[in-house]
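Residues per chain are reported as follows:
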Amino acid sequence: MGIMNTVKFLQMYPQLTNIVPEPEQATKNVPSWYKDQPAISGSDIPDRGVMRLTVKKCQAFFDAMAMGYILKVPCDIYIDTTDGNLNIQLPAAMNKYHSMLISEHSEEQVSHLPIDKEIYCSKILRIHPTWMVQTDEGYSTLFTSPMHQGPSPLKAIDAVVDTDNYFTDGHLSFLVKKNFKGTLKQGTPMSQIFPFKREEWTMELVNNFPPKKIEEQRNKVRSTFQNGYRLKFWQKKTFK
């Protein structure tokens, strides 16, 4: 085995070390709905050579959910947007850390961002996970919403940071749904991060790709009732 790349999570506020949840591998945060999802719809007896498999059997779907690492909500955050504004409260004991944990962008800062204002508030909520991300030289990090998690009032504003040169020492930005009133619980997944190597790419259009190659691929993946892609094409991705 070659040398494994390392992503470091640096606690920016040591006084919160034993309070805020630690980042975790995404594989440790598979949502309950997925665990409860049956793998086969109906009978497990093939119907005309076809099994009615559900998303539980889609390896590509699972890989998106299990890739990378999860940053979590640092403490309970009560959110009320029922009046059209962004109203936030923290537990009383956390109020002294409010500016460390919570911030916002004004409407002017995102005046041209195409926000669907029928769904989301105009102001951008910013939450600090308190953990900074550092990657090996040549690696950047994509920050996005946790994939295929349960319903959430938050939608991450996607960003890429060159975390080998710049530690993510700031708040993460989120759109917040209108007409929401409730508590975002401490430990809820709020951002999924993907370290990746910066490489140069070029684009090529191929108009004469042989159809036989596609047919061979389809026959190979469908030569088993289930797990054809995982058994014959899939490559393991490791995040420890």
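The coordinates are above.
Note that the structure is predicted; figures quoted are calculated from it, not measured. (Residues numbered from 1 in each chain as written. Predicted model: local features only at pLDDT ≥ 70, side-chain atom pairs only at ≥ 80, totals over all residues. Heavy atoms only, no water.)

Colleague: Can you lay out the pattern of salt bridges for me, pointing to particular residues and giving the numbers?
Modeller: If you walk through the whole model with that rule in mind, you get 6 salt bridges. Linking Arg198 and Asp164 is a salt bridge whose minimum nitrogen-to-oxygen distance equals 2.7 Å. Of this pair, Arg198 sits in the loop between β14 (189-197) and α4 (211-221) while Asp164 sits in the loop between β11 (159-161) and β12 (172-176), and the two are 34 residues apart along the sequence. One network of salt bridges, with partners in common, ties together Asp162, Asp164 and Arg198. (Salt bridge = Lys/Arg side-chain N within 4 Å of Asp/Glu carboxyl O. Helix = DSSP H or I, 4+ residues; strand = E, 2+ residues; numbered from the N terminus.)

Colleague: If you had to explain the packing of aromatic side chains to someone new, which residues and values would you point to?
Modeller: Two aromatic rings, taken as a pair, are described by how far apart their centres are and by the angle between their planes. Taken as a whole and judged by the stated rule, the model has 6 aromatic pairs. Measuring from centroid to centroid gives 6.0 Å for Trp33 and Phe61, while their planes differ by 85°, and the two rings are edge-to-face. One end of the pair, Trp33, is in helix α1 (residues 32-36); the other, Phe61, is in helix α2 (residues 59-66), and 28 residues separate them in sequence. Looking at Phe61, the relative accessible area reads 18%, which means it is buried. A centroid spacing of 5.6 Å and a plane angle of 85° characterise the contact between Tyr69 and Phe239, whose relative ring orientation is edge-to-face. Taken together, the positions of Tyr69 in strand β3 (residues 69-72) and Phe239 in the segment after α5 (228-232) put the pair 170 residues apart, joining distant regions of the chain. Overall, the relative accessible area of 22% leaves Phe239 in the partly exposed class. (Phe/Tyr/Trp six-rings, centres within 6.5 Å; stacked < 30°, edge-to-face > 60°. Buried < 20%, exposed > 50% of the residue type's maximum accessible area, 1.4 Å probe, protein only.)

Colleague: Provide a residue-level description of the sheet that holds strand β10 (residues 154-156), including the pertinent values.
Modeller: Taken in spatial order, the 4 strands of this open sheet run β6-β7-β12-β10, and their pairing is antiparallel. Two strands close off the open sheet at either side, each with one partner strand: β6 (102-105) and β10. With strand direction ignored, the average angle separating the axes of adjacent strands in the sheet is 40°. Of the strand pairs in this sheet, strand β7 (residues 124-127) and β12 are connected by 3 bridges, and their pairing is antiparallel. Each residue of the ladder has a partner; that of Leu125, found in β12, is Phe174. (Pairing = 2+ DSSP bridges. Axes fitted to C-alpha atoms, helices over the stretch in contact; angles between N-to-C directions.)

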